[in-house]
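Each chain is listed here by its residues.
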Amino acid sequence: MACMKLGSKSDAFQRHGQAWFCTTGLPSDIVVEVGDMSFHLHKFPLLSRSGVMERLIAEASKEGEENCVINLHDSPGGAKTFELVAKFCYGVKLELTSSNVVYLHCAAEHLEMTEDYGEGNLIMQTETFFNQVVLQNWKDSLKALQTCDDSLPYAEELHITKRCIESLATKAYTDPNLLGWPTMEYGPMQSPGGSVLWNGISTGARPKNSSSNWWYEDVSTLSFPLYKRLISIMESRGIREEIIAGSLVFYAKKYLPGLNRRQGASESSSRLLAVALAPPSEEDQKTFLEDIDRLLPMQKGLVPTKFLFGLLRTALILKASPSCLSNLEKRIGMQLDQATLEDLLMPSFSYSMETLYNVDCVQRILDHFLAMDQISGGASGGASGGASPSACSVDDGQLIGSPSLTPITMVAKLIDGYLAEVAPDVNLKLSKFQALAAAVPDYARPLDDGLYRAIDIYLKSHQWLAESDREQLCRLMDCQKLSLEACSHAAQNERLPLRIIVQVLFFEQLQLRTSIAGCFLVSDNLDGSRQLRSGIVGSTEGGWATAVRENQVLKVGMDNMRMRVSELEKECSNMRQEIEKMGRTKASSTWGNVSKKFGFKLKSQMCSAQEGAVSNQKNNFNAKAKDRLGKLKKY
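These numbers come from a predicted model, not from an experiment. (Residues numbered from 1 in each chain as written. Predicted model: local features only at pLDDT ≥ 70, side-chain atom pairs only at ≥ 80, totals over all residues. Heavy atoms only, no water.)

So, the pattern of salt bridges
Oppositely charged side chains can form a pair if their charged atoms are brought close together. What counts, and what does not: The rule for a salt bridge is simple: a side-chain nitrogen of Lys or Arg has to be within 4 Å of a carboxyl oxygen of Asp or Glu. Segments assigned H or I by DSSP are reported as helices when at least four residues long, segments assigned E as strands when at least two residues long, and all are numbered from the N terminus. In this scheme, a residue with accessible area under 20% of its type's maximum is buried, one over 50% is exposed, and one in between is partly exposed, where area comes from a 1.4 Å probe on protein chains only.
Under the defined criterion, the tally for this structure stands at 19 salt bridges. A salt bridge links glutamate 217 to lysine 254; the nearest nitrogen and oxygen atoms lie 3.6 Å apart. Taken together, the positions of glutamate 217 in helix 11 (residues 216–219) and lysine 254 in helix 13 (residues 241–255) put the pair 37 residues apart, joining distant regions of the chain. On the basis of relative accessible area, glutamate 217 is assigned to the partly exposed category, the value being 42%. We classify lysine 254 as buried; its relative accessible area is 12%.

See the structure below:
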């Protein structure tokens, strides 16, 4: 740390309890009381250096008091600083540092220790050291600024606080490698230009560049009022918003204990160390959190989403102001696509809320996201014009013509996962579940498998729901957008209403027919491409052997496919005969009513030609058809 020594005499002060004595051999003729300390000194050294002391001593002498007592309880820096001032007046060697220069400068100004009372007086000495040493160095400027809290309002009147803040802001804005901040302090074998020195000779090698957040830890030691002023000056100097946001996040994590609960043990313990000694009250934490919210930029992506959720969770616990909660929800809503399911699972901290998780808060966040998505034009092929649900079809679990993975599709998947997590809560009302599920646009879900899973869990946990409520809940999903696996599960799901099961069976057959038709199309294309490939390969030298091998492989594959298709056609024919027989029974009238109500007839459908699931699919479908038709007969 930079320092300067003043004076030439040895230390002549001794302390006895709460009193200081000057051991010059002469009896003291003045007592200066500063705080709870008493300084037994001599008049002449003091009045020869300080205008204030000169006046006070003169006033005390006029009153004829034998023992002159002067009170300086408002002296900046207290008794410790006045001890240094007294030593300076006696000519004792004085060491100026960045830790005491602010105190000494304020005390010197308060006591009027100007050049009129001696050349090289304390004001001039401290001002020179402050300008030439402290303000030229990052660490010394920071240390001096930290001491300004104890010297207010004197430091403000002398513009010491402002000069320290401006010095720090300038240094943070400048590349630290250009001037050696702060790497020169930790690397003495480095030239001012930044190159590494070996035995005093520049090697031309450059040290590793410091990142833009090198000053985060240092400024986090400042009190919050000083930190806010520093951040404000940095913004006016043009420091990028993402750097400012990073510093605010770092500072908030250090002084808000609630944000560190989900961090690692080592990181959490180190950051809680600063608040472990004097934990702030809940009211102070709430005020601090609201100030952080006002300082954070509103631009999307500058603040990590997980940090925003941590702020919101802490704000709910501390019962922050409604405006603060609303701002945090809007910030999260702007970048909800970057959230995780763990982030959304916020417990209900209010006694008035019956649900385990704060579903209302998630609903508001989702509304903010959808509003921003609508303003920005919506998802590709969705909000901007529109891929309607009917424009999409499912083939073996894959969506044909689905939009690319956009933020709205990511949020839809996130909300479906959240619905599945909160569905087991028996206190979750049907209206809230429906409102959250219906808020996601239809085009945002390429598949409704996630929504079906959430609905199934809700039905399992709320078995007392009426049949009409079950049907209303199931209308949230589109049976045409269920994969084959989901259709197979739904067709055997006892918790679903019967008419929903019939719809699932119908659309499952449509998917099977589409799959078979696609396989025939592929077969025709393969035949044509085989002939074309043979012609092309035949025109090249040495290509016949390759063409023969490829034709053999294609032939074997096509023969196997034809055999599977033939078997499936026979199976479908048998199913058609069984259905016709059952149609002649007493249930034929009931089946007719159901068919007319849904606007379709059960026809013989071709089954899937997928290589890995053909045998299982046809057996499952045969069993399901018999089982469901038996139920329809009872119906």
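From this point, things continue past the structure.
Quick look at the nonpolar core
Spelled out, the test is: Nine residue types can take part in a nonpolar core, namely buried Ala, Val, Leu, Ile, Met, Phe, Trp, Tyr and Cys, and a core is a set of them joined through side-chain atoms within 4.5 Å. Note on definitions: a residue-residue contact is assigned when non-hydrogen atoms from the two residues lie within 4.5 Å.
Val32, Leu41 and Leu336 are the most contacted members of the largest nonpolar core, which has 147 residues in total. By residue number, the principal contributor to this core is helix 20 (residues 407–422), which donates nine residues. Once residues within four sequence positions are removed from consideration, leucine 41 is found in contact with Phe13, Cys22, Ser28, Asp29, Ile30, Val32, Leu46, Phe82, Ala86 and Tyr90.

Looking at the environment of threonine 355
So the rule is basically this: Any pair of nitrogen or oxygen atoms within 3.5 Å is treated as a polar contact; in protein, a donor-acceptor pairing is required on top of that, and neighbouring residues in sequence qualify only through side-chain atoms on both sides.
Take threonine 355: it is sitting in the loop between helix 18 (341–344) and helix 19 (359–375). Apart from residues no more than four positions distant in its own chain, threonine 355 is found in contact with Ser348, Asp425, Asn427 and Leu428. Within the structure, the side chain of threonine 355 is placed 2.8 Å from the backbone oxygen of tyrosine 357, a separation counted as a polar contact.

Side note on the packing of helix 13 against helix 15 (residues 282–295)
Threshold: The axes used here are C-alpha line fits, helices contributing only the stretch in contact, and every angle between their N-to-C directions lies in the interval 0 to 180 degrees. Convention used here: angles under 35 degrees read as roughly parallel, angles over 145 as roughly antiparallel, angles from 65 to 115 as roughly perpendicular, and any remaining angle as oblique. Amino acids outside the nonpolar list (Ala, Val, Leu, Ile, Met, Phe, Trp, Tyr, Cys, Pro) and the charged list (Asp, Glu, Lys, Arg) are all regarded as polar, and Gly is one of them.
Interaxial distance between helix 13 and helix 15 falls to 11 Å at its minimum, and their mutual angle equals 170 degrees. Looking at the two axes, helix 13 sits roughly antiparallel to helix 15. Taking contact as the criterion, the partners of Leu248, Tyr251, Ala252 and Tyr255 in helix 13 are, on helix 15, Phe288, Ile292 and Leu295. For the contact of helix 13 with helix 15, a count of residues per class yields seven nonpolar, no polar and no charged.

Examining the packing of aromatic side chains
Rule in force here: Between rings of Phe, Tyr and Trp, where Trp is taken as its six-membered ring, a pair exists when centres lie within 6.5 Å; planes separated by under 30 degrees are stacked, by over 60 edge-to-face, and by other angles tilted.
Under the defined criterion, the tally for this structure stands at eleven aromatic pairs. With a centroid separation of 4.8 Å and 75 degrees between ring planes, the pair formed by phenylalanine 224 and phenylalanine 288 is classed as edge-to-face. Taken together, the residues phenylalanine 224 in helix 12 (residues 224–236) and phenylalanine 288 in helix 15 connect sequence positions 64 residues apart. Like phenylalanine 224, the residue phenylalanine 288 is buried in the burial classification. Aromatic ring contacts, followed pair by pair, group Phe224, Tyr227, Tyr251, Tyr255 and Phe288 into a single cluster.

A short note on the sheet that holds strand 5 (residues 37–41)
Strand pairing in a sheet takes place through backbone hydrogen bonds and is either antiparallel or parallel in direction. Keep this limit in mind: The criterion for strand pairing is that DSSP finds at least two bridges linking the strands in question.
What the five strands build is an open sheet, ordered 2-3-5-4-6; its pairing is mixed. Each edge of the open sheet carries a strand with a single partner, namely strand 2 (13–16) and strand 6 (68–71). Adjacent strand axes in the sheet meet at a mean angle of 20 degrees when their direction is disregarded. With four bridges joining them, strand 2 and strand 3 (residues 19–22) adopt antiparallel strand pairing. Across the sheet, histidine 16 pairs through a bridge with alanine 19, a residue of strand 3. Contacts from helix 2 (residues 51–62) reach strand 4 (30–34) and strand 6 within the one sheet, and its direction differs from that of strand 6 by about 135 degrees. The strands that helix 3 (residues 78–89) touches are strand 2, strand 3, strand 4 and strand 5; relative to strand 5, the one it contacts most, it runs at about 10 degrees.

Thoughts on helix 16 (residues 305–318)
The following threshold applies: Here a helix's expected span is defined as the number of its residues, less one, multiplied by 1.5 Å.
Over its 14 residues, helix 16 runs 20 Å from end to end, which matches the ideal 20 Å to within 8%, given 1.5 Å per residue. Counting buried residues in helix 16 gives twelve out of 14 residues, a clear majority hidden from the surface. Within the sequence span of helix 16, burial applies to Thr305, Phe307, Leu308, Phe309, Gly310, Leu311, Leu312, Arg313, Thr314, Ala315, Leu316 and Leu318. Against the buried residues of helix 16 lie helix 13, helix 15, helix 17 (322–334), helix 18 and helix 19. Positive phi shows up at lysine 319, right after helix 16, with a value of about 60 degrees.

Some remarks on the side chain of aspartate 337
Looking at where aspartate 337 falls in the secondary structure, it is placed in the loop between helix 17 and helix 18. For aspartate 337, a relative accessible area of 14% translates into the label buried. With residues up to four places along the chain from it excluded, the contact list for aspartate 337 reads Lys300, Phe369, Pro407, Met410 and Val411.

A look at the environment of alanine 412
Inspection of the secondary structure puts alanine 412 in helix 20. Separated by 38 residues in sequence, alanine 412 and glycine 450 place their C-alpha atoms 9.1 Å apart. When residues no more than four places from it in sequence are discounted, the contact partners of alanine 412 are Val440, Ala444 and Arg445.

Description of the state of the cysteines
Put simply, the rule is: Whenever a pair of cysteine sulfur atoms sits within 2.5 Å, that pair is classed as a disulfide.
Per the counting criterion, the structure on display carries zero disulfides. Unpaired in this structure, cysteine 148 has its nearest cysteine sulfur neighbour in cysteine 164, at a distance of 4.9 Å.

Overview of the pairing of strand 3
On any regular strand, side chains alternate: one points to one face of the sheet, the next to the other face. Linking strand 2 back to strand 3 in an antiparallel pair, the connection comprises two residues, with glycine 17 at a positive phi of about 65 degrees. The pairing of strand 3 with strand 5 spans three bridges and is classified as parallel. When the bridges of strand 5 are listed, tryptophan 20 appears paired with phenylalanine 39.

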